[in-house]
Amino acid sequence: MEKLRIEPTDDSPFIILDKENSRFEISGKSLPEDVIEFYLPVLNWLRNYKNDPSEKTEFNFKLIYFNTASSKLILDILLILEEIKENGNEVVVNWHSLKSDEDMQDAGEEYSEMVDLNFKYFTYES
């Protein structure tokens, strides 16, 4: 399966989806002008991945900011990961946030209540 790599901009996050190297990450700021168009390749890649996933998928969210429109697409990503788990594969969501960013920490906890996935929380200094 070919990896998907999207370089970051001032308004969009870095994304790497790489099954071969078990690297699944979204990091940075997410407030693209057309959020649906931006995330469509990500959702399509994950839908294809869902058909033949790795035994264990560790997905890293290292977001420092996301807008309301992005929050829905993040949930869509988590729902696909939940389907992968429901099909018998292990899925772990690693939610990284700045130690000083309680809003981002709360966002991770809110997402964990919306989906049946194993969340792990990590904080770091800026």
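Scroll up a little and you will see the structure.
Keep in mind the model is a prediction, meaning the values are calculated, not measured.

Asker: Would you take a moment to explain the overall build of the protein chain for this structure?
Answerer: The secondary structure content of the protein chain amounts to three helices and six strands. Ordered by position in the sequence, the α and β elements of the protein chain form the string β-β-β-α-β-α-β-α-β. In terms of overall dimensions, the protein chain has a C-alpha envelope of 35 × 25 × 25 Å along the principal axes. Burial status across the protein chain gives 47% buried among its 126 residues. Sequence separation of at least 24 residues holds for 67% of the intrachain contacts in the protein chain that already meet a minimum separation of 6. Accessible area for the protein chain stands at about 7000 Å²; split by element, carbon and sulfur atoms hold 44% of it. Averaged over its 13 positive side-chain charges, the protein chain has a centre that lies 5 Å from the centre of its 27 negative ones.

Asker: What's the story with the packing of aromatic side chains in this structure? I'm lost.
Answerer: A ring pair, where both rings are aromatic, is described by two values, the distance of the centres and the angle of the planes. In this structure the tally under the stated criterion is 10 aromatic pairs. Ring geometry for Phe24 versus Phe59: centroids 6.4 Å apart, planes at 20°, classification stacked. In this pair, Phe24 sits in strand β3 (residues 23-30) while Phe59 sits in strand β4 (residues 56-66), placing the two residues 35 residues apart along the sequence. Accessibility classification places Phe24 together with Phe59 in one group, the buried group. Relative to Tyr39, the ring of Phe38 lies with its centre 5.0 Å away and its plane at 85°, an arrangement referred to as edge-to-face.

Asker: When you look at the side chain of Asn94 in this model, what are you seeing that I'm missing?
Answerer: Among the structural elements, Asn94 can be located in strand β5 (residues 90-98). Looking at Asn94, the relative accessible area reads 3%, which means it is buried. One polar contact links Asn94 to Asn60, side chain to side chain, over a distance of 3.1 Å. Sequence-distant contacts of Asn94, that is, excluding residues within four places in its chain, are made with Glu58, Phe59, Asn60, Phe61, Lys120 and Phe122.

Asker: Please clarify how helix α3 (residues 102-114) should be interpreted in this entry.
Answerer: Turn by turn, an α-helix covers 3.6 residues, leaving residues three or four places apart pointing in a common direction. For α3, built from 13 residues, the straight-helix expectation of 18 Å at 1.5 Å per residue is met to within 8% by its first-to-last C-alpha distance of 19 Å. Among the residues of α3, those classed as buried are Met104, Ala107, Gly108 and Tyr111. Along the axis of α3, the buried residues cluster in a sector spanning 100°; they form a single face. Pointing more than 90 degrees away from the buried face of α3 are the exposed residues Glu102, Asp103 and Glu113. Elements in contact with the buried residues of α3: β4, α2 (68-86), β5 and β6 (118-124). At the N-terminal boundary of α3, the capping side chain belongs to Asp101, with an oxygen 3.3 Å from the backbone nitrogen of Asp103.

Conventions and cut-offs
Residue indices begin from 1 for each chain and proceed along its sequence in written order. Confidence filtering applies because this is a predicted model: local features only for residues at pLDDT of at least 70, side-chain atom pairs given and counted only at 80 or more, and all residues used for totals across whole chains, interfaces and linings. Side-chain measures here rest on the full set of heavy atoms in the structure, leaving out hydrogens and waters. Going along the chain from the N terminus, every DSSP run of H or I of four or more residues is numbered as a helix, and every run of E of two or more is numbered as a strand. Categorising residues by exposure relies on relative accessible area from a 1.4 Å probe, with only protein chains included: less than 20% of the type maximum marks a residue as buried, more than 50% marks it as exposed, and the intermediate range marks it as partly exposed. We call two residues in contact whenever any of their non-hydrogen atoms come within 4.5 Å of each other. Only the protein chains shown count as cover for residues, with accessible areas throughout obtained via the Shrake-Rupley method and a probe of 1.4 Å. His is not counted here, nor are the chain ends, while Lys and Arg score as positive and Asp and Glu score as negative. Taken as the charge centre is NZ of Lys, CZ of Arg, CG of Asp or CD of Glu, depending on the residue. What counts as a ring pair is set by centres within 6.5 Å for rings of Phe, Tyr and Trp (its six-membered ring), and what kind of pair is set by the plane angle: stacked under 30 degrees, edge-to-face over 60, tilted for all other angles. Pairs of N or O atoms within 3.5 Å make up the polar contacts considered here, provided that, within protein, one atom can donate a hydrogen while the other can accept it, and that residues adjacent in sequence are counted only when both atoms are side-chain atoms. A helix is expected to span 1.5 Å multiplied by its residue count minus one. The arc in question is the one spanned by the directions pointing from the helix axis to the C-beta atoms.

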